[in-house]
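A look at the structure
Listed below are the residues making up each chain.
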Amino acid sequence: MPRANLDKDPHDVAQMFDGVARRYDLTNDVLSLGQDRMWRRATLKALDALAGETVLDLAAGTGTSSEPLADAGVRVVPCDLSTGMLTVGKRRRPDLPFTAGDATRLPFADASFDAVTISFGLRNVVDTVGALEEMRRVTKPGGRLVVCEFSTPTLAPFRAVYDGYLTKALPAVARVVAKESAAYTYLAESIQDWPDQVGLGRLLKQAGWGSVAYRNLSGGIVALHRGTNPGLAKG
């Protein structure tokens with residue numbers, strides 16, 4: 001099974017996720033001990049999308065994050081780099097407009113969306129600031145962004161236990177559940193290489209997002225970052 005490296009070549013990332021698409025949702029549920037459901041609910045609450053609004057759900061994968069938005073009357077566009085993930089999602093929810101797209105070159109017009117959200121996908125993009133700038137480009141002035149991403153546990157003893165889980169237990173469990181470990185070894189490496197909460201907040205500000213704030217979930221294993229598009233996107 002192919003896996004991406006930390007240079008995050010888009011072709012390699014897409015191919016890696018294509019390979020794990022069929023069991024991806026089940027594997028996430030097992031590896032997170034069911035907490036991924038709570039993280040998704042918290043993301044939806046932070047996004048606070050209203051019926052009739054148009055929302056871009058980036059790194060939507062099989063559409064598990066898009067479904068509750070659509071069911072609430074939100075016009076949601078699930079977008080992902082992996083066509084394998086999109087195929088699995090389209091089979092389950094043919095009513096959703098699954099769209100293939102690279103976060104650094106989004107196939108949407110300026111100011112197309114009331115809000116953008118990305119869950120556990122920004123970490124896999126080759127150019128973080130470039131992707132955040134693209135998200136701002138396609139968001140209406142005054143529109144909002146919610147990023148749900150793995151982060152840094154706030155307590156040092158917990159960090160040590162968590163690092164051990166990432167490097168040893170996670171690939172082993174993935175080998176049993178998903179019949180695959182290479183992609184989840186990459187997952188562990190990419191989490192450890194990722195900025196902490198304050199560092200990611202700086203990247204949002206660098207990309208032009210205003211009113212940036214974050215909230216920890218599960219002791220900082222995951223953090224929700226929020227921002228608002230203060231005006232016209234960069235030309």
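Reading guide: rules and limits
Residues numbered from 1 in each chain as written. Predicted model: local features only at pLDDT ≥ 70, side-chain atom pairs only at ≥ 80, totals over all residues. Heavy atoms only, no water. Pairing = 2+ DSSP bridges. Helix = DSSP H or I, 4+ residues; strand = E, 2+ residues; numbered from the N terminus. UniProt positions renumbered as here; feature names shortened; annotations may be inferred. Buried < 20%, exposed > 50% of the residue type's maximum accessible area, 1.4 Å probe, protein only. Contact = heavy atoms within 4.5 Å. Salt bridge = Lys/Arg side-chain N within 4 Å of Asp/Glu carboxyl O. Axes fitted to C-alpha atoms, helices over the stretch in contact; angles between N-to-C directions. Parallel < 35°, antiparallel > 145°, perpendicular 65-115°, else oblique. Left-handed = near helix turned anticlockwise from the far one by under 90°. Polar contact = N/O pair within 3.5 Å; in protein donor to acceptor, adjacent residues only side chain to side chain.

Spatial ordering of the open sheet is given by β3-β2-β1-β4-β5-β7-β6, a layout of seven strands whose pairing is mixed. The sheet is open, and its two edges are formed by β3 (99-100) and β6 (210-217), each paired on a single side. Sheet analysis places strand β2 (residues 75-80) next to β3, joined by two bridges and oriented parallel. Bridge pairing in β3 links Cys 79 to Thr 99.

With that settled, the discussion passes to the UniProt feature "binding site: S-adenosyl-L-methionine" (unreviewed entry) in the chain. According to UniProt, the "binding site: S-adenosyl-L-methionine" (unreviewed entry) feature falls on Thr 62, Asp 80, Asp 102, Ala 103 and Ser 119. A residue is classified by how much of its surface remains accessible, and Ala 103, at 10% relative accessible area, is buried. Residues within four places of Ala 103 in sequence aside, it is in contact with Val 125, Ala 131 and Glu 134. Secondary-structure assignment places Ser 119 in strand β4 (residues 113-119). Among residues more than four places away in sequence, those in contact with Ser 119 are Thr 43, Leu 58, Ala 59 and Cys 148.

Under the counting rule described, the total for this entry stands at 10 salt bridges. Between Asp 110 and Arg 137 there is a salt bridge whose closest N-O contact spans 2.8 Å. Here Asp 110 is found in the loop between β3 and β4, whereas its partner Arg 137 is found in helix α6 (residues 128-137), with 27 residues between them in sequence. For Asp 110, a relative accessible area of 52% puts it in the exposed group. Given a relative accessible area of 16%, Arg 137 falls into the buried group. The shortest N-O distance in the salt bridge between Asp 114 and Lys 140 comes to 3.2 Å. Residue Asp 114 is located in strand β4, and its partner Lys 140 is located in strand β5 (residues 139-150); the two are separated by 26 residues in the primary sequence. Residue classification places Asp 114 among the buried residues on the basis of a relative accessible area of 17%. A residue is classified by how much of its surface remains accessible, and Lys 140, at 32% relative accessible area, is partly exposed.

Bringing the packing of α6 against helix α9 (residues 197-206) into the picture now. Two numbers describe how α6 lies on α9: the axes approach to 8 Å, and their chain directions differ by 55°. Classified by the interaxial angle, the pair formed by α6 and α9 is oblique. Taken as a pair, α6 and α9 cross one another with a handedness that is right-handed. Contacts between α6 and α9 involve Thr 128, Val 129, Leu 132 and Glu 133 from the former and Leu 203, Leu 204 and Gln 206 from the latter.

On to the side chain of Glu 53, then. Positionally, Glu 53 belongs in the loop between α3 (35-47) and β1 (54-58). Polar contacts involving the side chain of Glu 53 include one to the main-chain amide nitrogen of Leu 50, which spans 2.8 Å. Other than its neighbours up to four places away in sequence, Glu 53 contacts Asp 48, Val 74, Arg 75, Asp 114 and Arg 144.

So, about the side chain of Asp 114. Only 2.8 Å separates the side chain of Asp 114 from the backbone nitrogen of Thr 54, close enough to count as a polar contact. If we skip the residues at most four places from it in the chain, Asp 114 touches Glu 53, Thr 54, Thr 139, Lys 140, Gly 143 and Arg 144.

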